[in-house]
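Summary of the model geometry
For reference, the chains in residue letters:
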Amino acid sequence: MKPLQIKGGRVIDPANEIDEARDVFVCDGKIAAAPSASDDEVEVIDARGKIVVPGLIDMHAHLREPGRSDQETIETGARCAARGGLTSVVCMPNTSPTADNTSTIAFIKQRAAAVGCVNVFPTGAITKGLKGEELAPIGSLKRAGVVAITDDGSCIQNNDLMRHAVEYAKMFELPVLDHCQDYNLTANGVAHEGYWSAALGLRGWPAVGENVIIARNILLAELTDWCIHCQHVSSARSVELIREAKQRGVRISAEAAPHHFTLTDEYLKNYDSNFKMNPPLLTAHDRDALLAGLADGTIDCIAGDHAPHCTHEKEVEFDMAPFGIIGLETELSLAMELARKKVLTLPQLVEKFTVNPARLLQLDKGTLSPGADADITIIDPEQQWTYDVGQSASKSRNSPFHGWELRGKAVMTIVDGKIVWRDE
Ligand SMILES: [Zn+2]
């Protein structure tokens, strides 16, 4: 592996409060402070006009393996991530078998290592089989290498069990990630309860179904003095609750997904199931609240919630279709739009993909400090491109952004000093 010299780019490294034109050096898979001795051996990468940032981290993806390799595999998911400029992906435990045991975690790690593309960090389930009834062996999962626990896709309804889960997680210093959904309130809803669900005759899913669990998590984080991270926060009231709790010093954090800060429930009017996700798309008011929450730091991270489903599964009546969309290849471009609209500065944007998720998950990533793993993303902020889902590296095609004209794109993704994606 040749040493690299990435020349003339605008380097944005929020962990070190750097935003300036400079070169980045890579040697032996690590960031180096200075060029390596043997100059002619170096591969020079021209980054003029580009932005050079620490490798982006997505802390919420479904890679479907083991169990549903017809939808995605660790390999295809990792290739999608690399194309999207992500060097690290945190995968959710709702596989088959569920990642509630050490051998499934070992399998995921082994597959990811064999693929050798981006870093894949597994999470473990909080409860056995994600059933919300009995705790998974959290200590063993930690020893097996999970970076957090979550029942994502499901939500523990029993507040006492959730309290114990958080207390255990604290003992093992594991962050708890929660998919916030009260089942009684959301019942069999498929679309945000409001104007469009009524107009289209779709069963409503009230935002309070998310708000109630966010409030529960704030109270439990306070009680246990441990961190609970709220996944794919979607509604305005949730943002307010988290903002107020953070002001009191509660250890609560949050992520938002590009589809929630880009789209609204008005897009449901064609009954296209590629706009059906969990939580559902909300109103423009909610979208604007997410943007405000991203801007003021209430929302710490941007995460795609990449959720592949086969075409035959999605091509059914809206009511019957599974929730979820793919996102790894489009999330950076959709996020770049926030910088263009001046919702976020570029350093703020980069922070939400790098140092913030790294800090929440205690990952040794998200920085360009000398000695750090050479995970680097090079972005062309002006490149215009059209997303063609037919060309996706994913096994699935369920993207609402097919045909969208996007601006800003990862042109090179480097993991441990190795180029894993290069835009030709
Ligand atoms: Zn979820």
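Computed from a predicted structure; not experimentally measured. (Residues numbered from 1 in each chain as written. Predicted model: local features only at pLDDT ≥ 70, side-chain atom pairs only at ≥ 80, totals over all residues. Heavy atoms only, no water.)

Let us now look at the side chain of Lys352. In this fold, Lys352 is placed in helix H13 (residues 346-353). It turns out Lys352 is buried and unbridged, and the closest side chain with the opposite charge, Glu351, is 4.9 Å from it. One polar contact links the side chain of Lys352 to the main-chain carbonyl oxygen of Ile299, over a distance of 2.9 Å. Dropping the residues within four chain positions of it, Lys352 is found in contact with Leu294, Gly297, Ile299, Asp300, Cys301, Ile302, Leu344 and Pro357. (Helix = DSSP H or I, 4+ residues; strand = E, 2+ residues; numbered from the N terminus. Buried < 20%, exposed > 50% of the residue type's maximum accessible area, 1.4 Å probe, protein only. Lys, Arg positive; Asp, Glu negative; His and termini not counted. Salt bridge = Lys/Arg side-chain N within 4 Å of Asp/Glu carboxyl O. Polar contact = N/O pair within 3.5 Å; in protein donor to acceptor, adjacent residues only side chain to side chain. Contact = heavy atoms within 4.5 Å.)

All right, on to H13 then. Side chains that are three or four residues apart share a direction in an α-helix, a result of its 3.6 residues per turn. When we look at burial in H13, the residues that qualify are Leu346, Leu349, Val350, Lys352 and Phe353. One face of H13 carries all of its buried residues, which in axial projection span an arc of 160°. (Arc of directions from axis to C-beta.)

On to unusual backbone geometry. The general pattern is negative phi for most residues beyond glycine and trans for most peptide bonds. Looking along the chain, the bond that leaves Glu65 and enters Pro66 is cis, with omega of 5°. Take Pro66: it is sitting in the loop between strand S6 (56-61) and helix H1 (74-83). Cis geometry is found at the peptide bond from Ser96 to Pro97, where omega equals 0°. Take Pro97: it is sitting in the loop between strand S7 (86-91) and helix H2 (102-115).

The 3 strands are arranged S6-S7-S8 in an open sheet whose pairing can be described as parallel. What marks the edges here is a single partner per strand, and that holds for S6 and strand S8 (119-122). Here the strands of the sheet are splayed against their neighbours by 20° on average, with no regard to which way each runs. Summarising the sheet, S6 and S7 pair through 4 bridges and their orientation is parallel. Bridge assignment links Ala61 to a residue of S7, and that residue is Cys91. Lying over the sheet, H2 contacts S7 and S8, oriented at roughly 175° with respect to S8. (Pairing = 2+ DSSP bridges. Axes fitted to C-alpha atoms, helices over the stretch in contact; angles between N-to-C directions.)

On the protein side, the zinc ion has Asp152 (OD), His179 (ND1) and His232 (NE2) as donor atoms, found 2.0 to 2.3 Å from it. Written as a sequence motif, the donor arrangement for the zinc ion is D-x26-H-x52-H. With His179 in the loop between strand S10 (176-178) and helix H5 (183-186) and His232 in the loop between strand S13 (228-230) and helix H8 (236-247), this pair connects stretches of sequence that are 53 residues apart. On the accessibility criterion, His232 (2% relative accessible area) is buried. (Donors = N, O, S within 2.8 Å, 3.2 Å for Na, K, Ca; no water.)

Between helix H7 (residues 208-224) and H8, the shortest axis-to-axis distance is 9 Å and the interhelical angle comes to 10°. For the element pair H7 / H8, the angle class is roughly parallel. In this structure, H7 meets H8 at a crossing whose hand is right-handed. Along its contact with H7, which presents Glu210, Asn211, Ile214, Ala215 and Ile218, the element H8 presents Arg237, Ser238, Leu241, Ile242 and Ala245. When grouped by side-chain class, the residues that make up the contact of H7 with H8 number 6 nonpolar, 2 polar and 2 charged. (Parallel < 35°, antiparallel > 145°, perpendicular 65-115°, else oblique. Left-handed = near helix turned anticlockwise from the far one by under 90°. Nonpolar A, V, L, I, M, F, W, Y, C, P; charged D, E, K, R; others polar.)

Considering all chains together, one arrives at 26 salt bridges under this definition. One salt bridge in this structure joins Lys30 and Asp373, with 2.6 Å as the shortest N-O distance. Of this pair, Lys30 sits in strand S3 (residues 30-32) while Asp373 sits in the loop between helix H14 (355-360) and strand S16 (376-386), and the two are 343 residues apart along the sequence. Exposure remark for Lys30: the relative accessible area of 35% places this residue in the partly exposed category. Notably, a salt bridge pairs Arg111 with Glu65, separated by 3.7 Å at the nearest N-O pair. One end of the pair, Arg111, is in helix H2; the other, Glu65, is in the loop between S6 and H1, with 46 residues separating them in the sequence. Each of Lys30, Lys365, Asp373 and Asp375 takes part in a single network of salt bridges with overlapping partners.

Let us look at the packing of H1 against H2. At a minimum axis separation of 9 Å, H1 and H2 run at an interaxial angle of 55°. Taken together, the axes of H1 and H2 lie oblique to each other. When you trace H1 past H2, the crossing you get is right-handed. Taken together, the residues of H2 that come into contact with H1 (itself represented by Ile74, Glu75, Ala78 and Arg79) are Ile108, Arg111, Ala112 and Val115. A class-by-class count of the residues in the contact of H1 with H2 yields 5 nonpolar, no polar and 3 charged.

What follows concerns the environment of Gly55. Relative to the assigned elements, Gly55 resides in the loop between strand S5 (51-54) and S6. Taking the relative accessible area as the measure of exposure, Gly55 reaches 3% and is therefore buried. Residues Gly55 and Ser38, spaced 17 residues apart in sequence, show a C-alpha to C-alpha distance of 26 Å.

For the rest of this paragraph, the subject is the sheet that holds S10. Note on sheets: strands pair through backbone hydrogen bonds, and any given pair is parallel or antiparallel. The parallel open sheet is built from 5 strands, whose spatial order is S9-S10-S13-S14-S15. Of all the strands in the sheet, just strand S9 (149-150) and strand S15 (301-302) have a single pairing partner and so form its edges. Pairing of S9 with S10 involves 2 bridges; the strand directions are parallel. Its bridge partner lying in S10, Thr150 is registered against Leu177.

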